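If you want the building blocks of each chain, they are given just below.
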Amino acid sequence: MQHDKDSKTTFYTCSCFSTDNIFLEEFKLHVRFLSEHQFRSDYQAVLRNLGCSTDAEFNDILKKIEKEVERRRSLGVKSAERAAAIKEIYKPLHDHVYHLHESYMAPEFKQMVDYCRSDEASKEGLLSLMQTEAATRVFRFPVFKKIFCDELIEEMEHFEQSRSPKGRPNTMNNYGILLNELGFDEGFIIPLREQYLQPLTSLLYHDCGGCYLDSHKAFMVKYDMHEDLDLSYHYDNAEVTLNVSLGKEFTEGNLYFGDMRQVPLSETACTEVEHKVTEGILHRGQHMHGALPISSGQRWNLIVWMRASQERNKLCPMCNKRPTLVEGEGFADGFTSDLGMSLLQNV
Ligand SMILES: O=C(O)CCC(=O)C(=O)O
Ligand SMILES: [Fe+2]
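Residues numbered from 1 in each chain as written. Chains lettered and ligands numbered in written order. Predicted model: local features only at pLDDT ≥ 70, side-chain atom pairs only at ≥ 80, totals over all residues. Heavy atoms only, no water.

> Even after reading the chapter, I still don't get the packing of helix α1 (residues 36-49) against helix α2 (residues 55-73), so can you show me in this structure?
When two helices pack together, their arrangement is given by the angle between the helix axes and the distance between those axes. Orientation of α1 relative to α2, taken along the N-to-C sense of each, is 125°, at an axis distance of 12 Å. Viewed along their axes, α1 and α2 adopt a mutual orientation that is oblique. For the pair α1 and α2, the sense of crossing is right-handed. Between α1 and α2, the contacting residues are Glu36, Phe39, Arg40, Gln44 and Leu47 on the first element and Phe58, Asn59, Ile61, Leu62 and Ile65 on the second. Considered class by class, the residues forming the contact of α1 with α2 number six nonpolar, two polar and two charged. (Axes fitted to C-alpha atoms, helices over the stretch in contact; angles between N-to-C directions. Helix = DSSP H or I, 4+ residues; strand = E, 2+ residues; numbered from the N terminus. Parallel < 35°, antiparallel > 145°, perpendicular 65-115°, else oblique. Left-handed = near helix turned anticlockwise from the far one by under 90°. Contact = heavy atoms within 4.5 Å. Nonpolar A, V, L, I, M, F, W, Y, C, P; charged D, E, K, R; others polar.)

Okay, here's the thing in structure tokens:
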């Protein structure tokens, strides 16, 4: 089990993880699978309209779902196995990138964080320091220096070329890398979230958990002309997301933002937000978004899905219900148990 600042915190996943939001790549559709009967009645007609016309094609989809459910059930255990294997066999190229240091950061970012830590900090004051409100409550600002972005990509490429096992962040991303398995949490992502990002998110997103972020899922995404080009419209399983553009050289590949997940697509207008190397885009996790295809080059981004258990314990963003807790590895999906805490407090 992963322990946060409070060493007694145990994190959980919601049971919907093995039934909901299963992504059918060829139809760009997220589905729910409880039983074959339910699935047929909910999706057979929809899928037919999307071009799935024969029984064989439908059975093929059922097989893919079965495989995905099995993958999700064994995810925690497999991830822990990979992390152990990586620790054993992988020799990093750049040891220092695993330990956050202020010298990696853009001066503008440090200045914003310093301001937010000061007694007189206000949301208006912070907004005046930020370059852009790129879309509603979507902010872009410099995060790292270019040299650090280059070294982080080099480290990722070195890892990709190694014989270490690799965990992919989710079914929408075929070439990303899960950073906790590589050992980035303790020395890099936790201090980044707690000491640098939370001062900003407390002012910007106090209404969606920004003041009490207590876990995260961090990963790299990679787009290349010969691999994934784009990312479908979705929301993140997070309260607040940081998305930093690291390089290399690319054209197009902008993000686009719609509305919050509760608003129907038909009532949504989208706004494009450009990725600029070394800059981060901060947004509410449940603000719908996608990535347009790159038209040349290769694009790497660091994604940190930050979670606030106090917020998500009330409502799981993935099934829209009060979460049913299932034990998971590490930060799992960021839920905590009130019961567990009160039992611990009684000890
Ligand atoms: O490609 C990007 O910049 C967006 C990635 C993203 O939205 C995600 O992985 O959740
Ligand atoms: Fe996302």
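> Even after reading the chapter, I still don't get the UniProt feature "domain: Fe2OG dioxygenase" (unreviewed entry) in the protein, so can you show me in this structure?
Using the residue numbers shown here, the UniProt feature "domain: Fe2OG dioxygenase" (unreviewed entry) corresponds to residues 214-308. The span residues 214-308 carries 0% helix and 62% strand; its end-to-end C-alpha distance comes to 5 Å. (UniProt positions renumbered as here; feature names shortened; annotations may be inferred.)

> Help me out: how do you make sense of the coordination of the iron ion (ligand 2) in this one?
Octahedral six-donor coordination of a metal ideally yields angles of 90 or 180 degrees, compared with 109.5 degrees for tetrahedral four-donor coordination. Around the iron ion (ligand 2), the protein contributes the donor atoms His234 (NE2), Asp236 (OD) and His289 (NE2), at 2.1 Å from the metal centre. Site description for the iron ion (ligand 2): donor spacing in sequence, H-x1-D-x52-H. Placement of His234 in strand β8 (residues 231-234) and of His289 in strand β14 (residues 287-291) is noted, with a sequence separation of 55 residues between them. Taken individually, His234 and His289 each receive the classification buried, so the pair is uniform in this respect. (Donors = N, O, S within 2.8 Å, 3.2 Å for Na, K, Ca; no water. Buried < 20%, exposed > 50% of the residue type's maximum accessible area, 1.4 Å probe, protein only.)

> I would appreciate a short explanation of α1 in the present structure.
Because the α-helix completes a turn every 3.6 residues, residues three or four places apart line up on one side. Relative to the 20 Å expected for 14 residues at 1.5 Å per residue, α1 spans 19 Å between its end C-alpha atoms, a close match to the ideal helical length. Along α1, the sharpest kink reaches roughly 50°, centred on Tyr43. Listed in full, the buried residues belonging to α1 are Gln38, Phe39, Tyr43 and Leu47. In the core, the buried residues of α1 are packed alongside β2 (22-24), β3 (29-31) and α2. Backbone geometry just after α1 places Gly51 at a positive phi near 110°. (Expected span 1.5 Å × (residues − 1). Bend = angle between axes of the 7 residues up to and from the residue.)

> I keep staring at the pairing of strand β7 (residues 215-224) and nothing clicks. Help me out?
Along any regular strand the residues' side chains alternate between the sheet's two faces. Taken across its ten residues, β7 has nine buried, putting it largely inside the fold. Summarising the sheet, strand β6 (residues 177-178) and β7 pair through two bridges and their orientation is antiparallel. Bridge pairing in β7 links Ile177 to Met220. Bridge count between β7 and strand β15 (residues 294-307): ten bridges; the pairing is antiparallel. (Pairing = 2+ DSSP bridges.)

> What exactly am I supposed to notice about the sheet that holds β8 here?
In sheet architecture, strand pairing relies on hydrogen bonds along the backbone and comes in two forms, parallel and antiparallel. If you trace the four strands from one edge of the open sheet to the other, you get β8-β14-β11-β12, paired in antiparallel fashion. If you trace the sheet from one side to the other, it starts and ends with β8 and β12 (271-273), each paired once. Here the strands of the sheet are splayed against their neighbours by 25° on average, with no regard to which way each runs. Examined bridge by bridge, β8 and β14 share two bridges and lie antiparallel to one another. Each bridged residue has a counterpart across the sheet, and for His234 the counterpart in β14 is His289.

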